[in-house]
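# Notes for the structure review
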Amino acid sequence: MLEHDTAHRVTVVGSVNIDSIHRVDHLPRPGETVSATSWRRALGGKGANQAAAAAKIHSGVAMIAAVGLDEQGQWAVEHLVGMGVDTAGILALPNAPTGTACVAVDPTGENLIIVSPGANSCLDASWVADHWADTSVVVMPGEVATPLIDRVAALAQGRDQRFVLNLAPVSPVARATLAVCDPLVVNELEAGLLADRLGMDPPDSPAQTADMAHAWVEQGLVRSVVVTLGSDGALGSAAEGTFHWPAPLVSVAVDTTGAGDACVGTLAARIAGGADLVDALAWGVCAGSLAVTRAGAASSYADAAEVARVRETLGTTPVWIEARP
């Protein structure tokens, strides 16, 4: 266990995977076999990625997760420790393998990912509760069982800790869970899928996406929401209003894997340090944009100094879509 100052600490409850990354000339179509031009192993899983990204920005980051009692799990934990993440809350299970992901990446940086959750599916609420950290912000991706997401949201609310949920993939979490999200983070596709689950019309344009985000906050469905837009940056909606941060100009995309996780982890770290959602999302957008310029997920993330330099290029004010008094 790493010793950290627990003030403004970020705790990530989520998935740890080993990524098997294959570079290909083009992504395979159904029924097609393609040959990889290269292969490498890397740390992955949305939880591990988000913890790594947060640790690049803020030193007090802990992780609660499950891996297999195998070489893959040991390798993953060692890499998280090397990135400055407190791994005392990671459970090694003898009867489940460490989660894995097969990632294909084409020359434009687009990817195709197949995940086998393994031990991630075995993480239970009792282990999480027993290893709960003294924390300011709890971050959770959707790559774990839905009942666990609901339980962690309730734990965070009961301890007056801010809950950041990256609902990826979209799962049928309770409305009570959505109500404590501050923010809920989804991409455009996930926002549409969630709207459909909630009995709403999915948005079919950026303007409708902004209107939906605004309505979710106004109606109390969530406390705040972020919709990531890939190369177009991200939308945010909170008490301050609804706003858009464009993505900064960066060099050509190399690999989009884990870019959204870079945004989430960086955003959470900034919130834990006292930033409001407007500033935190600006940092998150910059971190995600930098991540696509390098191969891999956690290994591609920029440190605080580099993100800060890019952040300066965005200026101090986002594009306000609907400001609230």
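Predicted, not measured: the structure shown is a model, and the values here were computed from it.

## Here's the deal with the nonpolar core
- Val-16, Met-63 and Leu-281 are the most contacted members of the largest nonpolar core, which has 59 residues in total.
- Top contributing element to this core by residue count: helix α9 (residues 277-291), with 11 residues.
- Not counting the four nearest positions on each side in its chain, Val-16 is found in contact with Leu-43, Gly-44, Gly-45, Ala-48, Met-63, Ala-65, Val-67, Ala-76, Leu-80, Thr-98, Gly-99 and Asn-120.

## Focus on the confidence of the model for the protein chain
- Taken as a whole, the protein chain shows an average pLDDT of 91; of its residues, 96% reach a score of 70 or greater.
- Averaged pLDDT values over the elements of the protein chain bottom out at 80 in strand β14 (residues 319-323) and peak at 98 in strand β9 (residues 162-166).

## Here we look at the sheet that holds strand β2 (residues 17-24)
- Strand order in the open sheet formed by 4 strands is β3-β2-β6-β7, with mixed pairing between adjacent strands. Unpaired on one side and paired on the other, β3 (36-44) and β7 (111-116) mark the two borders of the sheet. Taken over all neighbouring pairs, the strand axes of this sheet differ in orientation by 15° on average, direction set aside.
- Note: strand β6 (residues 99-105) against β7, 6 bridges, orientation antiparallel. Bridging from a neighbouring strand, Val-103 pairs with Ile-113 of β7.
- Most of the contacts of helix α2 (residues 71-82) go to β3, to which it runs at about 70°, and overall it touches β2, β3 and β6.

## Details of empty space enclosed by the protein
- Here the structure, examined in full by the defined rule, presents 1 cavity of 30 Å³ or more.
- The computed volume of the largest cavity comes to approximately 40 Å³.
- Ala-53, Lys-56, Ile-57, Ala-262, Thr-266, Ala-287, Tyr-301, Ala-302 and Val-307 are the residues that line the largest cavity.
- Taken together, the elements giving at least two residues each to the lining of the largest cavity come down to α1 (46-57) and α8 (259-272).

## Thoughts on the environment of Thr-135
- When you line up the elements, Thr-135 lands in the loop between α3 (125-130) and β8 (137-141).
- Separated by 21 residues in the primary sequence, Thr-135 and Ala-156 have C-alpha atoms spaced 9.3 Å apart.
- Look past the residues within four positions of Thr-135 in its chain and what remains in contact with it is Arg-9, Val-10, Thr-11 and Gln-161.
- Of the polar contacts made by the side chain of Thr-135, one reaches the backbone oxygen of Val-137; its length is 3.2 Å.

## Notes on α8
- If you check α8, its first and last C-alpha atoms are 20 Å apart, about what 14 residues at 1.5 Å a residue would give, namely 20 Å.
- For α8, the buried fraction is high: 12 of the 14 residues fall into the buried class.
- Buried within α8 are the following residues: Ala-259, Asp-261, Ala-262, Cys-263, Val-264, Gly-265, Thr-266, Leu-267, Ala-268, Ala-269, Ile-271 and Ala-272.
- After α8 finishes, the residue Gly-274 shows a positive phi value of roughly 110°.

## Comments concerning the pattern of salt bridges
- Under the defined criterion, the tally for this structure stands at 8 salt bridges.
- Taking the shortest distance from any N to any O, the salt bridge between Arg-41 and Glu-71 comes out at 3.1 Å. Here Arg-41 is found in strand β3, whereas its partner Glu-71 is found in helix α2, with 30 residues between them in sequence.
- Residue class for Arg-41 comes out partly exposed when judged on its relative accessible area of 30%.
- A salt bridge links Asp-261 to Lys-46; the shortest N-O distance between them is 2.7 Å. Here Lys-46 lies in helix α1 and Asp-261 lies in helix α8, a separation of 215 residues in the sequence. Both residues of the pair, Asp-261 and Lys-46, count as buried.

## Thoughts on α2
- Helix length check: α2, at 12 residues, gives a terminal C-alpha distance of 16 Å against a target of 16 Å (1.5 Å per residue), a fit within 8%.
- Taken together, the buried positions of α2 are Gly-73, Trp-75, Ala-76 and Leu-80. For α2, the angular spread of buried residues about the axis comes to 160°, placing them on one side.
- Contact partners of the buried residues in α2: β2, β3, α1, β4 (61-68) and β5 (85-93).

## Describing the packing of aromatic side chains
- Considering all chains together, one arrives at 1 aromatic pair under this definition.
- The ring of Trp-75 is capped by Arg-41, whose NZ or CZ atom sits 4.2 Å from the centre of that ring.
- The ring of Trp-283 carries the charged tip of Arg-270 above its face, separated from the ring centre by 4.1 Å.

## Observations regarding the pairing of β5
- Most of β5 sits inside the fold, with 7 of its 9 residues counted as buried.
- Both β4 and β5 contribute to a ladder of 7 bridges, which runs parallel. Each bridged residue has a counterpart across the sheet, and for Ala-66 the counterpart in β5 is Leu-91.
- Crossover connection from β4 via α2 to parallel β5: handedness right-handed.

Analysis parameters
- Residues numbered from 1 in each chain as written.
- Predicted model: local features only at pLDDT ≥ 70, side-chain atom pairs only at ≥ 80, totals over all residues.
- Heavy atoms only, no water.
- Core = buried A, V, L, I, M, F, W, Y, C linked by side-chain atoms within 4.5 Å.
- Buried < 20%, exposed > 50% of the residue type's maximum accessible area, 1.4 Å probe, protein only.
- Helix = DSSP H or I, 4+ residues; strand = E, 2+ residues; numbered from the N terminus.
- Contact = heavy atoms within 4.5 Å.
- pLDDT = per-residue confidence, 0-100.
- Pairing = 2+ DSSP bridges.
- Axes fitted to C-alpha atoms, helices over the stretch in contact; angles between N-to-C directions.
- 1 Å grid on protein atoms, 1.4 Å probe; cavity = no way out; pocket = protein on both sides within 12 Å on 5 of 7 lines; lining within 4 Å.
- Points joined across faces, edges and corners; volume = space filled by probe spheres on them.
- Polar contact = N/O pair within 3.5 Å; in protein donor to acceptor, adjacent residues only side chain to side chain.
- Expected span 1.5 Å × (residues − 1).
- Salt bridge = Lys/Arg side-chain N within 4 Å of Asp/Glu carboxyl O.
- Arc of directions from axis to C-beta.
- Phe/Tyr/Trp six-rings, centres within 6.5 Å; stacked < 30°, edge-to-face > 60°.
- Lys NZ or Arg CZ within 6 Å of the ring centre and 35° of its normal.
- Right-handed = clockwise from strand over helix to strand, strands pointing away.

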